Amino acid sequence: MKVTKDYTRKDGVRTVTVQLAAGEKLMAFKEDSYYRLGGQLDDVVGGYCITEGRRVVWCSIEQKWVDA
């Protein structure tokens, strides 16, 4: 994802223009709302859990999740 424009008005409304690569998706979350993860987990988590998350990858050598 590449941010091409980011503008915040005086009243706090923010306008962001982005370019997404093939296969990328853009999602928006509210920190004070709750979301069902779906799939096999089917857990419900707070929006702050998602917005404070980090991208990770599985390391087959260390057998654990590491920061991407």
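Notes on the structure in this doc start here.

**Thoughts on the overall build of the chain**
So, step 1. Tallying secondary structure elements over the chain gives one helix and six strands in all.
So, step 2. Secondary structure elements in the chain, listed N-terminal to C-terminal, are β-β-β-β-α-β-β.
So, step 3. Taking 68 residues into account, the globule formula puts the C-alpha radius of gyration at 11 Å, and the chain, at 16 Å, lies well above it.
So, step 4. Projected onto its principal axes, the C-alpha coordinates of the chain cover approximately 50 × 25 × 20 Å.
So, step 5. Expressed as a percentage of the 68 residues in the chain, the buried residues total 4%.
So, step 6. When contacts within the chain are restricted to residue pairs at least 6 apart in sequence, long-range pairs at least 24 apart make up 2% of them.
So, step 7. Accessible surface for the chain amounts to roughly 6,400 Å². Of this, 51% is attributable to carbon and sulfur atoms.

**So, the environment of V16**
So, step 1. Along the chain, the position of V16 falls in strand β2 (residues 14-19).
So, step 2. V16 sits 20 residues away from R36 along the chain, and the two C-alpha atoms are 26 Å apart.
So, step 3. Those residues in contact with V16 that lie beyond four places of it in its chain are V3, K5 and D6.

**Structural notes on the packing of aromatic side chains**
So, step 1. A full pass over the atoms with the stated rule returns two aromatic pairs.
So, step 2. Measuring from ring centre to ring centre gives 5.1 Å for F29 and Y35, while their planes differ by 90 degrees; the resulting arrangement is edge-to-face.
So, step 3. Its relative accessible area of 22% is what places Y35 among the partly exposed residues.
So, step 4. Geometrically, the ring pair formed by W58 and W65 is edge-to-face, given 5.3 Å between the ring centres and 70 degrees between the ring planes.
So, step 5. The class for W58 is partly exposed, based on a relative accessible area of 42%.

Quick notes on the rules
Residues numbered from 1 in each chain as written. Predicted model: local features only at pLDDT ≥ 70, side-chain atom pairs only at ≥ 80, totals over all residues. Heavy atoms only, no water. Helix = DSSP H or I, 4+ residues; strand = E, 2+ residues; numbered from the N terminus. Rg over C-alpha atoms; globule rule 2.2 N^0.38 Å. Buried < 20%, exposed > 50% of the residue type's maximum accessible area, 1.4 Å probe, protein only. Contact = heavy atoms within 4.5 Å. Areas by Shrake-Rupley, 256 points an atom, 1.4 Å probe, with all protein chains shown as cover. Phe/Tyr/Trp six-rings, centres within 6.5 Å; stacked < 30°, edge-to-face > 60°.

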